[in-house]
Amino acid sequence: MDLSCTPEEEEFRARLRAWLGTVLPTLPARPSPDDWPGRRAYDLGWQRMLYDAGYAHVHWDASPTLRLIFLEETEQAGAPYVGANFVGLLHAGPTIAAEGTAGQRARWLPPILRGEQVWCQGFSEPDAGSDLASLRTRARRDGDAYVVTGSKIWTSHAEVADWCELLVRTDPAAPRHRGITWLAMPMDAEGVTVRPLRTLAGSAEFAEVFLDEVRVPVANRVGEENDGWRVTMVTLSFERGTAFVGEVVACRRVLAELARTARGNGRWDDPVLRRRLGRLDAEFRALWRLTQWNVSAAEASGGVPGVGGSVFKLRYSHARQELYDTAAEVLGPDGLDLDRPWVLDRLSSLSYTIAAGTSQIQRTIVAERILGLPRGR
């Protein structure tokens, strides 16, 4: 498989790099981590700048290779992350682009690209755990609407979202994977209650969402009724296959900074630490090559990442945790100071073996769908 870039792709890289060098120094200071209205405005303002410069399209309309180049260059330049709108740009938007009708694409994709709307993800539930197919949020058909009742948890940025990609059970009698439907729910609908959750790091970026007889138009259904599990697999393939690409680049930058810090504070003299840093460097280089392979495979199969994303997600989650455990070792006693770099990142890294599908789930996918092992009973 050829992992090299074409001349056109290298021209795109050079043009993007030049634009970033011009525009990034003009950005205002980033808001406080707890100022979610401010963060929403900042993140959407950056998205509008990308749109006006002609780069917003790369998340859906460009080839997977151009998408990879875009994520690599913006991360290396220190550009703002997609932030509050990561669900819209990296999960819901690509799913609607792949599975939505022409009318749905025209309705929802341009506002996301222009930095006008924020989406959140209503998948996880308090009683479902890692078994997403066990969701209990019900939706009964009532004329031209679904009436939805239930609750969701770990809903990122729900308190500032305009829309929610929502999984509901529309046929309780069907086998659990076949009675699910994917809906786009307006967050200002009557009956929606959002309750923020505070994380270990002290931030409130997640929320519980309670749904009490919420009416969602049938026109907001993406895919057919009871075919939501298949549509969800498309969403999750983007979440596991390409959504973490920029973070691999960020981890490689952190690793270089860790090495410089260790040289400065004397911890570089520890041969065990040096070997650990060297192994992590090899790990993230391998993950980057795996990302390129996954992107090339997606390009050959129509643009939707495949199950190879689970291999990436599984290994990346653990490598990230080890990276920030190593950061704590480099920092020594300062590793307990929440105001120090990398300390909050270490706390957030604990969630990566759970977020976007637990490591146990990823191992099952790899075993059954890639290695062809028999299903567990």
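Right above here is the structure, for reference.
A short tour of the structure in this document, coming up. Since the model is a prediction, treat every value here as computed from it, not as a measurement. (Residues numbered from 1 in each chain as written. Predicted model: local features only at pLDDT ≥ 70, side-chain atom pairs only at ≥ 80, totals over all residues. Heavy atoms only, no water.)

Here T74 shows up in helix α3 (residues 64–76). A distance of 2.8 Å separates a polar atom in the side chain of T74 from the backbone oxygen of F70. Ignoring anything within four residues of it in the chain, the contact list for T74 reads L20 and A79. (Helix = DSSP H or I, 4+ residues; strand = E, 2+ residues; numbered from the N terminus. Polar contact = N/O pair within 3.5 Å; in protein donor to acceptor, adjacent residues only side chain to side chain. Contact = heavy atoms within 4.5 Å.)

Attention now goes to the packing of helix α1 (residues 7–23) against helix α2 (residues 36–53). Running from amino to carboxyl end, α1 crosses α2 at an angle of 135°, the nearest separation of the two axes being 12 Å. One finds that α1 runs oblique with respect to α2. Considering only the axes of α1 and α2, their crossing is right-handed. Between α1, through W19, L20 and V23, and α2, the contact on the second element is made entirely by W46, M49, L50 and A53. Here the residues of the contact of α1 with α2 sort into seven nonpolar, no polar and no charged. (Axes fitted to C-alpha atoms, helices over the stretch in contact; angles between N-to-C directions. Parallel < 35°, antiparallel > 145°, perpendicular 65-115°, else oblique. Left-handed = near helix turned anticlockwise from the far one by under 90°. Nonpolar A, V, L, I, M, F, W, Y, C, P; charged D, E, K, R; others polar.)

A full pass over the atoms with the stated rule returns seven aromatic pairs. Linked through ring pairs, F12, W19, W46 and Y55 together constitute an aromatic cluster. The residue whose ring lies beneath R39 is W36, and the NZ or CZ to ring-centre distance is 3.9 Å. For the cation-ring pair, R263 lies above W268, with the distance from its terminal atom to the ring centre recorded as 4.1 Å. (Phe/Tyr/Trp six-rings, centres within 6.5 Å; stacked < 30°, edge-to-face > 60°. Lys NZ or Arg CZ within 6 Å of the ring centre and 35° of its normal.)

Of note, D127 is situated in the loop between β1 (119–122) and β2 (138–142). Of the residues examined, D127 reaches a relative accessible area of 59% and is grouped as exposed. Separated by 26 residues in the primary sequence, D127 and I153 have C-alpha atoms spaced 9.6 Å apart. (Buried < 20%, exposed > 50% of the residue type's maximum accessible area, 1.4 Å probe, protein only.)

A few words on helix α5 (residues 102–113). Side chains that are three or four residues apart share a direction in an α-helix, a result of its 3.6 residues per turn. With 12 residues, α5 extends 16 Å from end C-alpha to end C-alpha; this agrees with the ideal 16 Å at 1.5 Å per step. Among the residues making up α5, those that are buried are Q104, W108, L109, P111, I112 and L113. Buried-residue contacts for α5 involve α2, α4 (86–99), β1, β4 (163–169) and β5 (180–186). Count one or two residues on from α5 and you reach G115, which has phi positive near 75°. (Expected span 1.5 Å × (residues − 1).)

It is worth spelling out the nonpolar core at this point. Ranked by internal contacts, the top residues of the largest apolar core, which has 27 residues, are I96, W108, W119, L167 and W182. Those elements giving two or more residues to this core turn out to be α4, α5, β4, β5 and α6 (228–241). Ranked by residues supplied to this core, first place goes to α4 with six residues. If you look at the next biggest cluster of nonpolar residues, it comprises 24 residues, including V248, V249, C251 and Y316. (Core = buried A, V, L, I, M, F, W, Y, C linked by side-chain atoms within 4.5 Å.)

As a further point, take the environment of Y51. Looking at the element boundaries, Y51 is found in helix α2. Sequence separation between Y51 and L113 is 62 residues, and the spatial gap between their C-alpha atoms is 6.4 Å. Leave out the neighbours within four places in its chain, and Y51 touches A56, L113 and R114.

What follows deals with the pairing of β1. On β1, burial covers both faces: W119 and Q121 on one face and C120 and G122 on the other are all buried. The pairing of β1 with β4 spans four bridges and is classified as parallel. Bridge pairing in β4 places W119 opposite W163. (Pairing = 2+ DSSP bridges.)

Time to look at unusual backbone geometry. Positioned with a positive phi, H157 is a non-glycine residue whose angle comes to about 60°. Among the structural elements, H157 can be located in the loop between β3 (145–152) and β4. Given a relative accessible area of 6%, H157 falls into the buried group. The backbone phi angle of N226 is positive, close to 70°, even though this residue is not glycine. Mapping N226 onto the fold places it in the loop between β7 (206–217) and α6.

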